Amino acid sequence: MALSKFKKISLLICYAVTVTIFFPNDVYAMHIMEGFLPFNWAAFWWMAIIPFVIAGVRSIKRTVTLHPSLKMLLGMAGAFAFVLSALKIPSVTGSSSHPTGVGLGTILFGPTAMTVLGMIVLIFQALLLAHGGITTLGANTFSMGIVGPFVSYGIYKGTKKLGAPLWLSVFLAATLGDLMTYVTTALQLGLAFPAATGGVIASSLKFMSIFAFTQIPLAISEGILTVMVINVLSSYSLKELQISSVFTGKELPTSKRRVKQ
Amino acid sequence: MKPIAKNGLLLIVVAVLAFAPLFMTRDAQFAGADDQAQQAIGTLNPNYKPWFKPFWEPPSAEVESFLFALQAALGSGFVFYYLGYSKGKHSAAKKDQP
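Residues numbered from 1 in each chain as written. Chains lettered and ligands numbered in written order. Predicted model: local features only at pLDDT ≥ 70, side-chain atom pairs only at ≥ 80, totals over all residues.

Caption draft 1: Just the environment of Val232 of chain A, in detail. With respect to the helices and strands, the residue Val232 of chain A is situated in helix 8 (residues 199-236). Taking the C-alpha atoms as reference points, Val232 of chain A and Pro99 of chain A, separated by 133 residues in sequence, lie 20 Å from one another. If we skip the residues at most four places from it in the chain, Val232 of chain A touches Asn7 and Leu83 of chain B. (Helix = DSSP H or I, 4+ residues; strand = E, 2+ residues; numbered from the N terminus. Contact = placed C-beta atoms within 7 Å.)

Encoded structure:
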């Protein structure tokens, strides 16, 4: 099992190296800057996130009242997103970007809970770091707090259903959720700034080539880090994981099942 | 494989992914580059002017990196507090069991 994992990881590294060779320097990837979405689009994305934020607050409230013992774990999921979005990591395309860290929380608490936690991280960065912005908070929350988590959640549930091992579904969920966050950012910018020739599609593709390729190695890093945390949690916080339905019990080794009682 | 060994190996992979670009593309700027973002938008729509400024901006790159480091420190502080807490709880529970 370890061997196949190494094979997979080395394949991914080869991919990242290939990406370096084929894609040019001088690109960037981050959240959308303050004031850099036209007013109508900024307002549109703000409206779009409202139902998800309400659902998220409700879902968090439900989790906390039903299972007070999960409060700490919820805080940890938020803190994980907090750390990961502070780490601006150099990428093979010659620019830097940061992971989002919302995949872990999505796996533990569902997608809408991470809409709220992701939004809190984004507000912190917009107000204190001038990174992202309040006018673009709607758009950035939509990409990092809604599209990313929902993609992660879908992939996590889907791969689990197909019988993938836990580490693989966690890895794929976190990695692809991270990547799709930045694909969404590219689409949002493409929609707001259609190219003179080719319109929305051309400019989206342009932003996509910039955002998505920078993000590939970082998304892989986020996937691996999320697997590491899940590894630790599954040896020490099994009870909490069972409550938050990461394990249905079936895939647990019997030696571990004894612990929950 | 032990969990610690497994995670150690995974951590090495992450470190390689993070640091390899520095050696692979030596002449790159590695800018997070909001300036470059502005340029890209400027070529697509030369008339666009940002209509809103941040309320407050870190006065220098040093202050900004301090704040980012603080954010990472606070976050990782809580993550590892929780992991340590649950490890302690786990081993205490194990000790109680005969």
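Caption draft 2: A look at the nonpolar core. If you look at the biggest cluster of nonpolar residues, it comprises 85 residues, and the most contacted ones within it are Ala77, Phe80, Ala81, Val83, Val170 and Val227 of chain A. For this core, the leading source of residues is helix 8 of chain A, giving 16 residues. Composition of this core by domain shows at least three residues from each of domain 1 (1-52) and domain 2 (53-98) of chain B. Here Val83 of chain A is in contact with Gly101 of chain A together with Ala72, Gly75, Ser76 and Val79 of chain B, once residues within four sequence places are set aside. (Core = buried A, V, L, I, M, F, W, Y, C linked by C-beta atoms within 7 Å. Buried ≥ 20, exposed ≤ 12 C-beta atoms within 10 Å, placed from the backbone. Domains from an automatic or database assignment.)

Caption draft 3: Up close: the interface of chain B and chain A. Facing 50 residues of chain B, the contacting portion of chain A comprises 51 residues. The set of elements that each furnish at least two residues to the side of chain B that touches chain A consists of helix 1 (3-24), helix 2 (34-44) and helix 3 (61-96) of chain B. Looking at the side of chain B that touches chain A, the element that brings in the most residues is helix 3 of chain B, giving 15 residues. For the side of chain B that touches chain A, the residue count by class is 33 nonpolar, 11 polar and 6 charged. (Nonpolar A, V, L, I, M, F, W, Y, C, P; charged D, E, K, R; others polar.)

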